[in-house]
Amino acid sequence: MPSSAVPARRVTAAMVAERAGTSIATVSLVVNGKDRGRVSAPIAARVRDAVDELGYVVDHAASSLARGTGDLVVLIAPDLSNPFFAEVIRGVRDTLGDRYQLVLSVTERGAQPATSDLRRFERLRPAGILVDAPAAGESLDAAVPVVLLDAPDAPTGAVAVDYDLTSGVAELVAHLRERGHERVAYLDGTARVATFGVRHRLFQEACAAAGITVSELGARADLTVDAAAAATEHALEAWHEDGVTAVVAAADTLAYGVLRVAAATGLRVPGDLAVAGFDDLPSSSVTAPALTSVALPGAELGRAAALRLLAAVDGTAAEPVALPTRLVRRASTGG
């Protein structure tokens, strides 16, 4: 008869402690990254060797149940592949240090973070949750501290970190006016996110104040270069007939699509068509030509959000914050 499989024995912290010749408490400090200044380097090395030899894995869910809260911080975002989110993650990670482990979660493609996304993580009892660019109108209540990032329509009482777009947009419009543009088009994003609405509204208001006409022949696209290029191809002839001399995109990724179409159709940028965006992604300095953009510092957003989450976890008051923005002038507008 075939022998029945014997389930592998679960490795416990006590087993690691016995192998390393130390206490369970010391093992906990080391495996949770909290040993700095509390456990000597030789003992920490013995614990890590024992962990590797035995194949020990920390059971975060069990640890959370025992303590009432966990050592995890969850960051929920709509698209972690975007270089902007990489900067946000860096700011969060640098600020959390070794106090908490950062877990990243991506929503379904095209969807902004919603209350249902928070519910999925509450069972892990994380120390807190960071939500980047949440869906408009969501309350985002949770049983743990929550900090919203880039959420200008955050509900009253929510802890949020946003950008003060007023100065950056004012600089952009003044720059377009200085370059002689009197009629411009706006390429918006299709995502149901409040920050895009604020960018569009502030741009229209600043243009009206500066005597610049924003064409009614606007366009919208998903936040990809291919989608932006397709939208631009569809609108380009109408923009030309309407006298448009500059296109401002709601995000740099969208502006890249405009640059691609301009290059493919032989349009000179900025001679025939000036192009600008929002975000100031790292690649915007190396596009052809380099892209003028309203800088939204992702790492600073992440740092500020993490600081407010730590304050909330520690029971300290955490007020909303608005980070300043500025225009980075480059060749795409003759800057």
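Residues numbered from 1 in each chain as written. Predicted model: local features only at pLDDT ≥ 70, side-chain atom pairs only at ≥ 80, totals over all residues. Heavy atoms only, no water.

(A) Structural detail: the overall build of the protein. A count of helices and strands for the protein gives 11 helices and 13 strands. Here the protein holds 335 residues, and 47% of them are scored as buried. In the protein, of all internal contacts separated by at least 6 residues, the share reaching a separation of at least 24 is 71%. Carbon together with sulfur atoms contributes 53% to the accessible area of the protein, which is approximately 15,800 Å² in total. (Helix = DSSP H or I, 4+ residues; strand = E, 2+ residues; numbered from the N terminus. Buried < 20%, exposed > 50% of the residue type's maximum accessible area, 1.4 Å probe, protein only. Contact = heavy atoms within 4.5 Å. Areas by Shrake-Rupley, 256 points an atom, 1.4 Å probe, with all protein chains shown as cover.)

(B) A look at the side chain of Asp132. Here Asp132 shows up in strand E3 (residues 128-132). Despite its burial, Asp132 pairs with no opposite charge; the closest candidate is Arg199, at 8.1 Å N-O. (Lys, Arg positive; Asp, Glu negative; His and termini not counted. Salt bridge = Lys/Arg side-chain N within 4 Å of Asp/Glu carboxyl O.)

(C) Spatial organisation of the packing of aromatic side chains. Tallying each qualifying case throughout the model produces two aromatic pairs. Seen in terms of ring centroids, Phe84 and Phe85 are 5.6 Å apart; in terms of plane orientation they differ by 75 degrees. Their pairing is edge-to-face. With relative accessibility at 8%, the residue Phe85 sits in the buried group. (Phe/Tyr/Trp six-rings, centres within 6.5 Å; stacked < 30°, edge-to-face > 60°.)

(D) Spotlight on the pairing of strand E2 (residues 101-106). Here six bridges tie strand E1 (residues 72-77) to E2, and the two strands are oriented parallel to one another. By the bridge assignment for E2, Val73 is matched with Leu102. In the classification by handedness, the crossover that spans E1, the intervening helix H5 (residues 83-96) and the parallel E2 is right-handed. (Pairing = 2+ DSSP bridges. Right-handed = clockwise from strand over helix to strand, strands pointing away.)

(E) Summary view of helix H11 (residues 298-313). With 16 residues, H11 ought to run about 22 Å at 1.5 Å a step, and its terminal C-alpha atoms sit 23 Å apart, in line with that. When we look at burial in H11, the residues that qualify are Gly298, Ala299, Leu301, Gly302, Ala304, Ala305, Ala306, Leu309, Leu310 and Ala311. For H11, the elements touching its buried residues are E1, H5, E3, strand E4 (146-149), strand E5 (159-164) and strand E12 (321-324). Of the residues trailing H11, Gly315 is marked for its positive phi of about 80 degrees. (Expected span 1.5 Å × (residues − 1).)

(F) Region of the structure containing the packing of helix H2 (residues 24-31) against helix H3 (residues 41-54). Between H2 and H3, the shortest axis-to-axis distance is 10 Å and the interhelical angle comes to 85 degrees. Compared by their axis directions, H2 and H3 come out roughly perpendicular. Contacts between H2 and H3 involve Thr26, Val27, Val30 and Val31 from the former and Ile43, Ala44, Val47, Arg48 and Val51 from the latter. In terms of residue class, the contact of H2 with H3 is made up of seven nonpolar, one polar and one charged. (Axes fitted to C-alpha atoms, helices over the stretch in contact; angles between N-to-C directions. Parallel < 35°, antiparallel > 145°, perpendicular 65-115°, else oblique. Nonpolar A, V, L, I, M, F, W, Y, C, P; charged D, E, K, R; others polar.)

(G) Structural context of the environment of Ala262. Inspection of the secondary structure assignment puts Ala262 in helix H10 (residues 252-265). In this structure the C-alpha to C-alpha distance between Ala262 and Thr232, which are 30 residues apart in sequence, comes to 9.0 Å. Excluding residues that lie within four positions of it along the chain, Ala262 makes contacts with Leu267 and Val269.

(H) Representation of the layout of surface pockets in the model. Roughly 600 Å³ of internal volume is contained in the largest pocket. In this structure, the largest pocket is lined by 28 residues; those nearest its centre are Pro78, Asp79, Gln112, Ala191 and Leu223. Of all elements in the fold, only H5 and helix H8 (194-210) reach the threshold of two or more residues within the lining of the largest pocket. Of the residues that constitute the lining of the largest pocket, the class distribution is 11 nonpolar, nine polar and eight charged. (1 Å grid on protein atoms, 1.4 Å probe; cavity = no way out; pocket = protein on both sides within 12 Å on 5 of 7 lines; lining within 4 Å. Points joined across faces, edges and corners; volume = space filled by probe spheres on them.)

(I) Looking closely at the confidence of the model for the protein. Put simply, the protein has an average pLDDT of 86, and 88% of its residues get 70 or more. The low-confidence segment residues 1-7 (pLDDT under 50) makes zero contacts with residues lying over four places distant or belonging to another chain. Ignoring residues within four places in sequence, the model shows residues 64-68, a span with pLDDT below 50, making six contacts including any to other chains. (pLDDT = per-residue confidence, 0-100.)

(J) Quick peek at the packing of helix H7 (residues 165-178) against H8. For the pair H7 and H8, interaxial distance at closest approach is 9 Å and the crossing angle is 45 degrees. The angle between the axes of H7 and H8 places the two elements in the oblique class. Considering only the axes of H7 and H8, their crossing is right-handed. Between H7 and H8, the residues in contact are Leu165, Thr166, Val169, Leu172, Val173, Leu176 and Arg177 and Thr195, Val198, Arg199, Leu202, Phe203, Ala206, Cys207 and Ala210, respectively. Grouping the constituent residues of the contact of H7 with H8 by class yields 11 nonpolar, two polar and two charged. (Left-handed = near helix turned anticlockwise from the far one by under 90°.)

(K) Seen up close, the sheet that holds E5. If you walk across this open sheet you meet the six strands as E2-E1-E3-E4-E5-E12, and the pairing is parallel. Each edge of the open sheet carries a strand with a single partner, namely E2 and E12. Here the strands of the sheet are splayed against their neighbours by 20 degrees on average, with no regard to which way each runs. Summarising the sheet, E4 and E5 pair through three bridges and their orientation is parallel. When the sheet's bridge partners are listed, Leu149 is paired in E5 with Val161.

(L) Layout of the pairing of strand E10 (residues 274-279). The element E10 is extensively covered by neighbouring structure, given that six of its six residues are classed as buried. Here E10 shows two buried faces, one formed by Ala274, Ala276 and Phe278 and the other by Val275, Gly277 and Asp279. As paired strands, strand E9 (residues 246-249) and E10 are joined by three bridges and run parallel to one another. Bridge assignment links Val248 to a residue of E10, and that residue is Ala276. Handedness of the crossover is the feature at issue here: the chain leaves E9, passes through H10, returns alongside E10, and the resulting connection is right-handed. Bridge count between E10 and strand E11 (residues 292-295): four bridges; the pairing is parallel.

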